[in-house]
Amino acid sequence: MMECFDNINSIDKYVYHYTTLEKGLEYILKDMCLRLSPLSEVNDPAEYKILHPFFPGFDDYVTNENSEVLEKIHEIRHYFDNFRNNHKVLCFSRDSDKYFDVPHHYKMIYRGFSKPTLWSYYGDNHKGLCLIFDKDKLIKALNDNFSSKKEYKVYNENIVRYVALEEHIEKLCISYEDVLKFGVSKALDDFTGRNISNILFTKTIDWEVENEFRITIWDNSDEKYLYLPIDGSLCGIVMGAKMPSVYRSSIGQFNIPYAQLEWKNGLPFLKNVFT
């Protein structure tokens, strides 16, 4: 069995992308590309919703429809609309470091392709696919395609960390006093500069099961989406447990090793491995 399906020596070797069968066959595998989407289209409301200023004494400000406060809020909303639309993201899962702490017959639980929550949510309720990528080759393709172009900035940070909601909120409060003192543009540039890791690579503990690896690009082009070639980094395909076997030939046409995930007594295992 290939290493991407079998025992691993490092949790940093592979990353995993869950998708539906339709998207996998008709777009990703056919075009050998993954799509980076605007941050405004992700699932976490802490990321896709607009940040608002924090008012230490909100009642001290007049908030009628012509007030300076509402004018500033509209400017802030416009700033973060652009911020979210210009930041493109591509999300993966990772192997857990718990893999090395358990007996062999439990190790498969901690592989990146064995997450029932992600299969249910992103993998079409176990009828979809989980694509396995060589992380280093994926990052090389990312840099080869985007790093040298002036309209893009590729972030080197990739690992998402998870914190309590109240801690996350406290760090993402915009001071209205700073907005008044420095102006909207400078205050928000300073805010995002100080908090870029909290904004782009921090989520609440509700999402911790994803164990996310994230590719992020700041995009100054006019494109809504960006596309990353994967023909050199895709090394395996896992079919969901509920995917009918009739689709095996459709998966096999791409000449990528593939297998089907099954569950027995609550434990995942791979069957029908084709290399």
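Since we're looking at a predicted model, the values are computed, not measured.

Scoring rules and cut-offs
Residues numbered from 1 in each chain as written. Predicted model: local features only at pLDDT ≥ 70, side-chain atom pairs only at ≥ 80, totals over all residues. Heavy atoms only, no water. Helix = DSSP H or I, 4+ residues; strand = E, 2+ residues; numbered from the N terminus. Buried < 20%, exposed > 50% of the residue type's maximum accessible area, 1.4 Å probe, protein only. Areas by Shrake-Rupley, 256 points an atom, 1.4 Å probe, with all protein chains shown as cover. Lys, Arg positive; Asp, Glu negative; His and termini not counted. Charge placed at Lys NZ, Arg CZ, Asp CG, Glu CD. Contact = heavy atoms within 4.5 Å. Arc of directions from axis to C-beta. Expected span 1.5 Å × (residues − 1). Polar contact = N/O pair within 3.5 Å; in protein donor to acceptor, adjacent residues only side chain to side chain. Core = buried A, V, L, I, M, F, W, Y, C linked by side-chain atoms within 4.5 Å. Axes fitted to C-alpha atoms, helices over the stretch in contact; angles between N-to-C directions. Parallel < 35°, antiparallel > 145°, perpendicular 65-115°, else oblique. Left-handed = near helix turned anticlockwise from the far one by under 90°. Nonpolar A, V, L, I, M, F, W, Y, C, P; charged D, E, K, R; others polar.

Participant: In this structure, what is going on with the overall build of the protein? I would like to understand it.
Facilitator: Looking only at helices and strands, the protein has 9 helices and 14 strands in total. Principal axes of the C-alpha set define a box for the protein whose edges measure 65 × 40 × 30 Å. For the protein, buried positions account for 47% of its 275 residues. In the form shown here, the protein has an accessible surface area of approximately 14200 Å², with 48% of it arising from carbon and sulfur atoms. Side-chain charges of the protein comprise 33 positive and 41 negative groups, with the mean position of each set lying 6 Å from the other.

Participant: Explanation requested: the environment of Ile205 in the structure shown.
Facilitator: Among the secondary structure elements, Ile205 is positioned in the loop between strand 9 (202–204) and strand 10 (212–219). Between the C-alpha atoms of Ile205 and Asn82, which are 123 residues apart in sequence, the distance is 27 Å. In this structure Ile205 touches Tyr162, Val163 and Ala164, once residues within four positions along its chain are discounted.

Participant: Even after reading the chapter, I still don't get unusual backbone geometry, so can you show me in this structure?
Facilitator: With glycine set apart, most residues show a phi of negative sign, and most peptide bonds adopt trans. Phi at Asn211 is positive, roughly 45°, even though this residue is not glycine. Tracing the sequence through the fold places Asn211 in the loop between strand 9 and strand 10.

Participant: In this structure, what is going on with helix 1 (residues 21–31)? I would like to understand it.
Facilitator: Because an α-helix completes one turn every 3.6 residues, residues spaced three or four positions apart along the sequence face the same direction. Within helix 1, the full set of buried residues consists of Leu21, Gly24, Leu25, Ile28 and Leu29. Angular distribution of buried residues about the axis of helix 1 spans 135°; they occupy a single face of the element. Turned more than 90 degrees away from the buried face of helix 1, the exposed residues are Glu22 and Lys30. Contacts made by the buried residues of helix 1 are with strand 1 (14–19), strand 2 (33–38), strand 5 (129–134), strand 12 (234–239) and helix 9 (248–252).

Participant: Mind showing me how you'd approach helix 5 (residues 135–147) here?
Facilitator: Its 13 residues place the ends of helix 5 17 Å apart at the C-alpha level, agreeing with the 18 Å of an ideal helix rising 1.5 Å per residue. Every buried residue of helix 5 is accounted for by Lys135, Leu138, Ala141, Leu142 and Phe146. Down the axis of helix 5, the smallest arc covering the buried residues is 125°, so these residues share one side. Residues of helix 5 that are exposed and point more than 90 degrees away from the buried face comprise Asp136 and Lys140. Buried positions along helix 5 lie against strand 1, strand 4 (87–94), strand 5, strand 6 (152–154), strand 10 and strand 11 (226–229). The N-terminus of helix 5 is capped by Asp134, whose side-chain oxygen sits 3.2 Å from the backbone nitrogen of Asp136.

Participant: Looking at this model, I keep getting lost on the nonpolar core. Mind explaining?
Facilitator: Side chains that are nonpolar tend, in soluble globular proteins, to be buried together. Core analysis: the biggest nonpolar cluster contains 33 residues, and Leu29, Phe92, Leu129, Phe133, Ile215 and Leu228 have the highest contact counts within it. Sequence-distant contacts of Leu29, that is, excluding residues within four places in its chain, are made with Gly24, Leu129, Leu131, Leu234, Ile237 and Phe254. Grouped together as the second largest cluster of nonpolar side chains are 21 residues, Tyr79, Phe83, Val89 and Leu200 included.

Participant: What is the right way to look at the side chain of Thr216 in this model?
Facilitator: The topology assignment puts Thr216 in strand 10. The exposure class assigned to Thr216 is buried, which follows from its relative accessible area of 0%. When neighbours within four sequence positions are excluded, Thr216 is seen to be in contact with His87, Lys88, Val89, Lys153, Val154, Tyr155, Leu200 and Phe201.

Participant: Can you walk me through the packing of helix 3 (residues 68–86) against helix 8 (residues 184–200) in this structure?
Facilitator: Angle between the axes and distance between the axes are the two parameters that describe a pair of packed helices. One way to put it is that helix 3 packs onto helix 8 with a least axis distance of 12 Å and a crossing angle of 45°. Considering the angle they form, helix 3 stands oblique to helix 8. For the pair helix 3 and helix 8, the sense of crossing is right-handed. When helix 3 is examined against helix 8, the residues Lys72, Glu75, Ile76, Tyr79, Phe80 and Phe83 are found in contact with a partner set consisting of Val184, Ser185, Leu188, Asp189, Phe191, Thr192, Ile196, Ile199 and Leu200. Taken together, the residues of the contact of helix 3 with helix 8 sort by class into 10 nonpolar, 2 polar and 3 charged.

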